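Chain and residue survey
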Amino acid sequence: MKALLGQHPARARVFLADAERARFHDGALWEIRRRRDRRARDLPEWEALRSVAAQIKAHTVGRLPEYLEQFEERAARHGAVVHFARDAAEHNRIVLELLSSRGISRVVKSKSMLTEECGLNPWLERHGIEVTDTDLGELIVQLRREPPSHIVLPAIHLRTQDVAETFTRTLGAPPLTDAISLTRFAREHLRAKFLAAQAGITGVNFAIAETGGIVVCTNEGNADLGTSLPGLHIACMGLEKLIPRAADLGVFLRLLARSATGQAITAYTSHHHGPRPGAELHIVIVDNGRSLIRAEPEHRRALACIRCGACMNTCPVYRRSGGHSYATHVPGPIGSILSPLQQPGEHTSLPHACTLCGSCSAVCPVGIDLHEQLLLLRRRQVDGAPATASRAAEPGSRGKRWLGALVAWTLSNPRRFARLGACVRWVGRRWPGFSRFGPFSAWVATRELPPLPARSFQEQYAERRRQLVLAQKPEHAPSSPPRLP
Ligand code: SF4
């Protein structure tokens, strides 16, 4: 609890120090949110799809052991080998064993948040295996030795000139200034990596229990190249990626791309039912704290997440603080729920990085009650922690508890609330700059407090009603319409 304020807010300040970048980041993500809205409006059945998706996921998470067994058995029928890993370390050991037992030293990997979560790249590199991320955004952040800052748009925090500088510094690219030339350069660089790769690692968007097949969605076709050329395909997935039937897939595919990027569908939706002839397919299913989440009735709905990123694109805090400020593999609202639950005692500041505006819950295609869960996590932290004499604004501090009690005492009685309002208005009118001092100074540092009115809303409303009642009596009708003060 002690370092709560020292985590996310401190890193957000670093991001905000580059005002131009922060503005660009905010605008770029908001544009994607708008595209998502337009695409969602194209489908009259959008809300029905969200509701069905939520029900399918709730059903699947409730019967996860059965569906895992079914998936394993059906996948094996197609010739795939299914491995189960309790945690990140076991996942990494399994992947390393698969590679090193075959003498493999060069791997291409398409985007997989699970391998980020498990820290697979540094682990393999420490054991002498070269891993090349083949998604363009992932490649850029890999070259910069940075984690992705978004689960769908890993390099959204970077501008064209940042990418050009990265390619020149790390790959010796000539000075390039436009996105098309940079993409062409990356494509040529990657083509050689694809041809030399001895194995391809991918994530999994959906695993179908009924068929034993897996589905991988990309926009660049990089997963397909990475699994078509080498003889070994390793697919890594969290156990929540299961869906029961092939018929359910259409529901999620229609929601995923629209929510993620505002596309009707991802450019490549590839189905793998066992390995291709002469090759091997290994599927590694990872728990890594997901069972802990499943065991929590209030939070198990978070396992419905299909990693579309829409909650990040809409979140005012994420857009203005950047993905790296969350310091976790999945940032934004859903990451602020998953990470503290998967690693109890860690990432404790994240549930507090939320304005509770509810925008994330409103856009989530699988109906996760994100802001409610964030509020619940905060309450738990505060209830479970002893009062401390640390900074007054720190959650769980004695100062914040007293402030909370004072606010509850005031708001629970309309008269008290009215008197407090009158006091604040009285002070505000005599001393307009009062909010720049004391506990509210941080709040107004980036906002203008509007001039305080002479009378409360209740008083203005009562006066307006009185005038309207009088106006209905002909003898009292004013010559002109009444105005609010
Ligand atoms: S929580 Fe919902 S909106 Fe956020 S990434 Fe997951 S599915 Fe998308």
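Residue indices begin from 1 for each chain and proceed along its sequence in written order. Owing to the predicted nature of the model, reporting of local features is limited to residues with pLDDT of at least 70; listing and counting of side-chain atom pairs is limited to 80 or more, with chain, interface and lining totals taken over all residues. Excluded from the side-chain calculations are hydrogens and water; all other atoms, namely the structure's heavy atoms, are used.

A word on the sheet that holds strand 1 (residues 81–85)
Strands sit in the order 1-10-7-4-2-3 across an open sheet of 6 strands; the sheet is parallel. Each edge of the sheet is formed by a strand with only one pairing partner; in this case those strands are strand 1 and strand 3 (130–133). Here the average twist between neighbouring strands, direction ignored, is 20 degrees. Pairing between two strands is assigned when DSSP locates at least 2 bridges connecting them. Runs of E in the DSSP output that reach at least two residues are strands. Runs of H or I that reach at least four are helices, and both are numbered from the N terminus. Relative to strand 10 (residues 280–286), strand 7 (residues 232–238) is paired through 7 bridges, and the arrangement is parallel. Within the sheet, the bridge partner assigned to leucine 232 lies in strand 10 and is glutamate 280. Between two residues, a contact is recorded if the distance between any of their heavy atoms is within 4.5 Å. Lines fitted to C-alpha atoms define the axes here, with helix axes fitted over just the stretch in contact, and angles between the N-to-C directions of these axes take values from 0 to 180 degrees. Packing of helix 10 (residues 179–196) onto the sheet brings it into contact with strand 2 (106–109) and strand 3, and relative to strand 3 it is tilted by some 135 degrees.

A look at the packing of helix 19 (residues 398–411) against helix 20 (residues 414–430)
Running from N to C, helix 19 and helix 20 cross one another at 110 degrees; their axes reach a closest spacing of 6 Å. What the angle tells us is that helix 19 and helix 20 run roughly perpendicular. Here helix 19 contributes Trp409, Thr410 and Leu411 to the contact with helix 20, which in turn contributes Arg416, Phe417 and Leu420. Each residue gets one of three labels, nonpolar for Ala, Val, Leu, Ile, Met, Phe, Trp, Tyr, Cys and Pro, charged for Asp, Glu, Lys and Arg, and polar for the others, Gly among them. Partitioned by chemical class, the residues of the contact of helix 19 with helix 20 number 4 nonpolar, 1 polar and 1 charged. Orientation labels follow simple angle bins: below 35 degrees gives roughly parallel, above 145 gives roughly antiparallel, 65 to 115 gives roughly perpendicular, and whatever is left gives oblique.

Comments concerning the site of the ligand
Proximity criterion: a residue is near a molecule or strand once any of its heavy atoms comes within 4 Å of it. Around the ligand, the structure places 13 residues, and the nearest of them are Cys305, Cys308, Gly309, Cys311 and Cys364. Here the residues of the shell around the ligand sort into 11 nonpolar, 1 polar and 1 charged.

Observations concerning the side chain of serine 349
Mapping serine 349 onto the fold places it in the loop between helix 16 (332–342) and helix 17 (359–363). Remark: exposure states derive from per-residue accessible area (1.4 Å probe, protein chains only) relative to the maximum for the residue type, with buried under 20%, exposed over 50%, and partly exposed in between. Its relative accessible area of 4% is what places serine 349 among the buried residues. In this structure the side chain of serine 349 is engaged in a polar contact, spanning 3.1 Å, whose partner is the backbone nitrogen of histidine 8. Polar contact criterion, stated in full: a pair of N or O atoms within 3.5 Å, where within protein one must be able to donate a hydrogen and the other to accept it, and residues adjacent in sequence count only if both atoms are side-chain atoms.

Let's talk about the sheet that holds strand 6 (residues 213–218)
If you trace the 4 strands from one edge of the open sheet to the other, you get 8-5-6-9, paired in mixed fashion. Each of the sheet's edge strands pairs with one partner strand only, and the pair in question is strand 8 (242–243) and strand 9 (268–272). When strand 6 meets strand 9, the two strands line up antiparallel, connected through 5 bridges. Among the inter-strand pairings, isoleucine 214 is bridged to a residue of strand 9, identified as histidine 272. Along the sheet, helix 12 (residues 246–261) makes contact with strand 5 (206–208), strand 6, strand 8 and strand 9, crossing strand 5 at roughly 170 degrees.

Concerning the pattern of salt bridges
Any carboxyl oxygen of Asp or Glu within 4 Å of a side-chain nitrogen of Lys or Arg constitutes a salt bridge here. Per the stated rule, a full pass over the model turns up 33 salt bridges. Across the pair arginine 39 and aspartate 42 runs a salt bridge, and its minimum N-O distance is 3.7 Å. Pair noted here: arginine 39 and aspartate 42 are both in helix 2 (residues 19–42), with a separation of 3 residues, about one helical turn. Assessed through its relative accessible area of 31%, arginine 39 is described here as partly exposed. Note that glutamate 125 and arginine 145 form a salt bridge whose closest N and O atoms lie 3.4 Å from each other. Linking glutamate 125 in helix 7 (residues 120–126) with arginine 145 in the loop between helix 8 (136–143) and helix 9 (160–171), this pair joins segments that are 20 residues apart in sequence. Under the relative-accessibility criterion, arginine 145 is labelled exposed at 64%.

Structural notes on the nonpolar core
A general trend in soluble globular proteins is that nonpolar side chains are found buried together. Phe206, Phe252, Ile334, Val366, Ile368 and Leu370 are the most contacted members of the largest nonpolar core, which totals 55 residues. With sequence-adjacent residues up to four places away left out, isoleucine 334 is seen in contact with Ala302, Cys305, Cys311, Met312, Ile368 and Leu370. Core analysis: the second largest hydrophobic core is formed by 22 residues, Ile94, Leu98, Ile129 and Ala199 among them. Nonpolar cores are built from buried Ala, Val, Leu, Ile, Met, Phe, Trp, Tyr and Cys residues. Side-chain atoms within 4.5 Å join them into one set.

Considering the confidence of the model for the protein
Keep in mind that low pLDDT regions are not for reading the predicted coordinates in detail. On average, residues of the protein carry a pLDDT of 91, and 93% of them reach 70 or more. With pLDDT under 50 throughout, residues 1–5 is counted as low confidence; its partners more than four residues away or in other chains account for 18 contacts. Every residue gets a pLDDT, meaning the predictor's confidence in that residue, from 0 to 100. Long-range and interchain partners of residues 387–393, a stretch whose pLDDT sits below 50, account for 15 contacts in this model, where long-range means more than four residues apart.

A short note on helix 2
Each helix should span, by expectation, one fewer than its residue count multiplied by 1.5 Å. Taking 1.5 Å of rise per residue, the 24 residues of helix 2 would be expected to cover 34 Å, and the 35 Å separating its terminal C-alpha atoms lies within 8% of that figure. Looking at helix 2, one finds that the buried residues are Arg21, Ala22, His25, Asp26, Leu29, Ile32, Arg33, Arg36, Asp37 and Ala40.

Considerations on the environment of glutamate 116
One can find glutamate 116 in helix 6 (residues 113–118). On the basis of relative accessibility, which here comes to 23%, the residue glutamate 116 falls in the partly exposed class. With 88 residues separating them in the primary sequence, glutamate 116 and alanine 28 have C-alpha atoms 24 Å apart.

Some words on a nonpolar patch on the surface
Taken together, the side chains of Leu403, Leu406, Val407, Trp409, Leu411 and Phe417 define a hydrophobic patch exposed on the protein surface, amounting to about 640 Å² of accessible area. Position of phenylalanine 417 among the secondary structure elements: in helix 20. Like charges within 9 Å and nonpolar side chains (Val, Leu, Ile, Met, Phe, Trp, Tyr) within 5 Å are joined into patches, using only residues over 30% in relative accessible area that form no salt bridge. Note on areas: Shrake-Rupley, 1.4 Å probe, and residue coverage restricted to the protein chains presented here.

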